[in-house]
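Fold and contact review
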Amino acid sequence: MQVIDLVAQAAGLERAWSSRLLGEVGTAGLKVLRMDALPLAEETHSVAEALLVLDGCLELTVDGRPVAVRAGELAVVPAGSPHAVRPGSRGTLVIVEVPEPSHRAGDAQNS
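One structure accompanies this document, and this report is about it. (Residues numbered from 1 in each chain as written. Predicted model: local features only at pLDDT ≥ 70, side-chain atom pairs only at ≥ 80, totals over all residues. Heavy atoms only, no water.)

1. Considerations on the overall build of the protein chain
Each helix and strand counted, the protein chain has 2 helices and 8 strands in total. Listed by position from the N terminus, the elements making up the protein chain come as α-β-β-β-β-β-β-β-β-α. For the protein chain, the residues scored as buried account for 31% of the 111 residues in total. Counted over contacts in the protein chain with a minimum sequence separation of 6, partners at least 24 positions apart contribute 59%. For the protein chain, the separation between the mean place of its 9 positive charges and that of its 14 negative charges on side chains is 3 Å. (Helix = DSSP H or I, 4+ residues; strand = E, 2+ residues; numbered from the N terminus. Buried < 20%, exposed > 50% of the residue type's maximum accessible area, 1.4 Å probe, protein only. Contact = heavy atoms within 4.5 Å. Lys, Arg positive; Asp, Glu negative; His and termini not counted. Charge placed at Lys NZ, Arg CZ, Asp CG, Glu CD.)

2. Brief notes about unusual backbone geometry
Phi is positive for W17, which is not a glycine, with a value near 65°. Its place among the elements puts W17 in the loop between α1 (6–11) and β1 (20–25). We classify W17 as buried; its relative accessible area is 18%. Phi is positive for D63, close to 50°, though the residue is something other than glycine. By relative accessible area, D63 is classed as partly exposed at 39%.

3. Focus on the layout of surface pockets
Volume-wise, the largest pocket comes out at about 300 Å³. Along the wall of the largest pocket there are 18 residues; nearest its centre are L33, L40, E43, E49 and I95. At the level of secondary structure, the elements contributing two or more residues to the lining of the largest pocket comprise β2 (28–35), β3 (40–43), β4 (49–62), β7 (83–85) and β8 (90–97). Here the lining of the largest pocket gets 4 residues from one element, more than from any other, and that element is β4. Considering only residue class, the lining of the largest pocket consists of 11 nonpolar, 3 polar and 4 charged. (1 Å grid on protein atoms, 1.4 Å probe; cavity = no way out; pocket = protein on both sides within 12 Å on 5 of 7 lines; lining within 4 Å. Points joined across faces, edges and corners; volume = space filled by probe spheres on them. Nonpolar A, V, L, I, M, F, W, Y, C, P; charged D, E, K, R; others polar.)

4. A look at the nonpolar core
One broad rule of soluble globular proteins: the nonpolar side chains tend to lie buried together. Formed by 16 residues in total, the largest nonpolar core has its most connected members in W17, L33, M35, L51, L58, L60 and L93. For this core, the elements supplying multiple residues, two or more each, are β2, β4, β6 (74–77) and β8. With residues up to four places along the chain from it excluded, the contact list for L51 reads L58, L60, V69, E73, L74, A75, V77, L93, V94 and I95. (Core = buried A, V, L, I, M, F, W, Y, C linked by side-chain atoms within 4.5 Å.)

5. What about the side chain of T92?
Looking at where T92 falls in the secondary structure, it is placed in strand β8. On the basis of relative accessible area, T92 is assigned to the buried category, the value being 5%. A distance of 3.0 Å separates a polar atom in the side chain of T92 from a polar atom in the side chain of D55. (Polar contact = N/O pair within 3.5 Å; in protein donor to acceptor, adjacent residues only side chain to side chain.)

6. A word on the pairing of β6
On β6, burial follows the alternation: A75 and V77 on one face are buried, whereas L74 and V76 on the facing-out side are not. Two strands pair when backbone bridges link them, and β4 and β6 are joined in this way by 4 bridges, in the antiparallel orientation. Of the residues in β6, the one forming a bridge with L51 is A75. (Pairing = 2+ DSSP bridges.)

This is the structure:
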């Protein structure tokens, strides 16, 4: 068993919004990152992702609506939902995500 100081891990990252994979639970990856006030471009994933704010606040736009996720809160962004980081986010964020499905070997041969 390993105990990880999440805030220290995020603080030790060279750049904001650069995540570090801390481990896996089943197929889900657990990442930590440090947020800063800069926005990030919209993205969409084929799988849901969980966003847990340890400290600070994550300012998002999800499906065109503003969402603020505060310290101690968890947001689950549904698969296929466009989301972007709005200006003003700060603090420490944990992301739980499973790998997006890829083409199976047989599918690649048939395309």
